[in-house]
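For reference, the chains in residue letters:
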Amino acid sequence: MNKKITVIRGDGIGPEIVTEAIKVLDKVCEKFGHSFEYTDILMGGCSIDACGVPLTDEAVATAKAADAVLLGAIGGNTSTSPWYKLEPKLRPEAGLLKIRKELGLFANLRPALLFDELKDACPLRAEIAEKGFDMMIMRELTGGLYFGDRRTEVVDGLETAVDTLIYNENEIRRIARKGFDIAMKRRKKVTSVDKANVLDSSRLWRKIVNEVAKDYPEVELEHMLVDNAAMQLVRDPAQFDVVLTENMFGDILSDEAAMVSGSLGMLASASLNDTKFGLYEPSHGSAPDIAGQDKANPLATILSAAMMLRYSFDMDKEADAVEAAVSTVLKEGYRTGDIKAEGCTVVGCRQMGDLIASRI
Ligand code: NAD
């Protein structure tokens, strides 16, 4: 299969980790007989330096013409970098908001899983970590409280602030469909998280999710209130497969799930629109403190590339091969500095990429 991939190396460790992900994708091409064509665009601080804005319209057009986008990370040291003296709409992060909006990316996927070999890094009690977990948080990204009307005004002499949590049935239906589609590629269970005992928006959420579920008879659906979900994530994370939820609940729960899995350098993510198109990036930032030192952990980016294979290209066995290679290399005891443990061999970013590619 031929695929076009737009590549955003970005700032800080971005270029280093993307180079390793491409090394692994090239190995996938070689092994499975595919061909990937890469086109670089600038975004973030490097685009500000070269073009005066964090993302140009030409770069957006290039991204739109691709089958998927692979992103490293953007941004610099927010205290010292001159990029943060610019007005907010010209700062690096504005590029990220613009590309998400322009590409219509409404579904954010964040896997949280505990690799067997990294169980010691899990902050949960040993008997919970021992069971392991492998869940996918599916968060709605473009609606809800963060996008509703808001204002601050004086009412009866008191300063009063209002935020509006708004969803229509179409916004709920399209993310629910994505959630069930993803569940069909996994263990076929969806936990829909809401606050239907209090919120109207949650009652509509639950109603539409139930409707969509009728089209997926093989998938088990359960509803869970968000306060209970936050508790269950630390009490028994093994129970979850796909966690489907709205924007703010997903924002909070995905960070909680990331925390319990122990290492930022391991966490992939994807943002999808209503076609197969997606933007794939690690959950961490540009780590300017270790940039250019060959210390970055490229595994989150490599695992994001595996998600691209699975969800945008329907290359499930190729994605399996990348994920298996990551497990193998960890089992063999290789670690980057951020996940090092006693008795392990510490390697740099480049060597980690070489090892993963060689195990495919
Ligand atoms: P960060 O995730 O970049 O770093 C937090 C800590 O984790 C640092 O000590 C860093 O060295 C370490 N770390 C992160 N990724 C690592 C990796 N792959 N390997 C080894 N260690 C790693 O968060 P931050 O320091 O708060 O932010 C730095 C910059 O990144 C800021 O400009 C921020 O706005 C930006 N940022 C960008 C994105 C993105 O591009 N999507 C996301 C978050 C933050």
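The rules behind the values
- Residues numbered from 1 in each chain as written.
- Predicted model: local features only at pLDDT ≥ 70, side-chain atom pairs only at ≥ 80, totals over all residues.
- Heavy atoms only, no water.
- Pairing = 2+ DSSP bridges.
- Helix = DSSP H or I, 4+ residues; strand = E, 2+ residues; numbered from the N terminus.
- Axes fitted to C-alpha atoms, helices over the stretch in contact; angles between N-to-C directions.
- Contact = heavy atoms within 4.5 Å.
- Right-handed = clockwise from strand over helix to strand, strands pointing away.
- Domains from an automatic or database assignment.
- Buried area = accessible area lost by both parts, 1.4 Å probe.
- Salt bridge = Lys/Arg side-chain N within 4 Å of Asp/Glu carboxyl O.
- Polar contact = N/O pair within 3.5 Å; in protein donor to acceptor, adjacent residues only side chain to side chain.
- Nonpolar A, V, L, I, M, F, W, Y, C, P; charged D, E, K, R; others polar.
- Near = heavy atom within 4 Å.
- Areas by Shrake-Rupley, 256 points an atom, 1.4 Å probe, with all protein chains shown as cover.
- 1 Å grid on protein atoms, 1.4 Å probe; cavity = no way out; pocket = protein on both sides within 12 Å on 5 of 7 lines; lining within 4 Å.
- Points joined across faces, edges and corners; volume = space filled by probe spheres on them.

Student: Give a description of the sheet that holds strand E11 (residues 268–272) that names residues and reports values.
Tutor: With mixed pairing, the 10 strands of this open sheet are ordered in space as E2-E1-E3-E12-E11-E4-E5-E10-E8-E9. Two strands in the sheet have a free side with no partner beyond their single neighbour: strand E2 (35–41) and strand E9 (220–225). The sheet shows a mean angle of 25 degrees between the axes of neighbouring strands, taken without regard to direction. Pairing of strand E4 (residues 107–113) with E11 involves 3 bridges; the strand directions are antiparallel. For Asn108, the partnering residue across the bridge sits in E11 and is Ser271. This element, helix H1 (residues 14–32), spans strand E1 (2–10), E2, strand E3 (68–73) and strand E12 (278–282) of the sheet and lies at about 165 degrees to E1. Across the sheet, helix H8 (residues 226–235) lies against strand E5 (134–140), strand E8 (189–194) and E9, angled at about 105 degrees from E9, the strand it touches most.

Student: Any details on the pairing of E1? Residues and values, ideally.
Tutor: As paired strands, E1 and E2 are joined by 7 bridges and run parallel to one another. Across the sheet, Ile5 pairs through a bridge with Tyr38, a residue of E2. A crossover links E1 with its parallel partner E2, the connecting element being H1, and its sense is right-handed. Looking at chain direction, E1 and E3 are connected through 5 bridges and run parallel.

Student: How would you explain the domain arrangement of the protein chain if you had to name every residue and give the values?
Tutor: Note: interface size is frequently given as the accessible area lost on complex formation between the parts. Taken domain by domain, the protein chain comprises domain 1 (1–105 + 267–360) and domain 2 (123–261). Using C-alpha coordinates to define each centre, domain 1 is positioned 26 Å away from domain 2. Contact residues are listed per partner, giving 13 residues for domain 1 and 9 residues for domain 2. Together, the buried faces of domain 1 and domain 2 total about 820 Å²; carbon and sulfur atoms form 63% of this surface. Scanning the region where domain 1 abuts domain 2 turns up 2 salt bridges. The salt bridge involving Asp316 is made with Lys185; its shortest N-O contact spans 2.9 Å. Counting across the domain 1 and domain 2 interface gives 5 residue pairs in polar contact (both at pLDDT 80 or more). Breaking the side of domain 1 that touches domain 2 down by element, the ones donating at least two residues are E11 and helix H10 (299–312). By residue number, the principal contributor to the side of domain 1 that touches domain 2 is H10, which donates 3 residues. For the side of domain 1 that touches domain 2, the per-class residue count stands at 5 nonpolar, 3 polar and 5 charged.

Student: Could you give an account of the site of the ligand, with specific residues and numbers?
Tutor: Residues in contact with the ligand amount to 21 residues; listed here are only the nearest, Gly76, Glu93, Gly285, Ala287 and Asn297. Contact between the ligand and Glu281: a nitrogen atom at 3.1 Å from a side-chain N or O atom of the residue. Contact with the protein chains hides 69% of the accessible area of the ligand, taken as 810 Å² for the molecule alone. Taken together, the residues of the shell around the ligand sort by class into 10 nonpolar, 7 polar and 4 charged.

Student: Outline empty space enclosed by the protein, listing residues and values.
Tutor: All told, the structure shown has 3 cavities of 30 Å³ or more when counted by the stated rule. Estimates place the volume of the largest cavity at around 50 Å³. What lines the largest cavity is Leu113, Leu114, Phe115, Leu118, Ser261, Ser263, Met266 and Leu267. Within the lining of the largest cavity, the residues separate by chemical class into 6 nonpolar, 2 polar and no charged.

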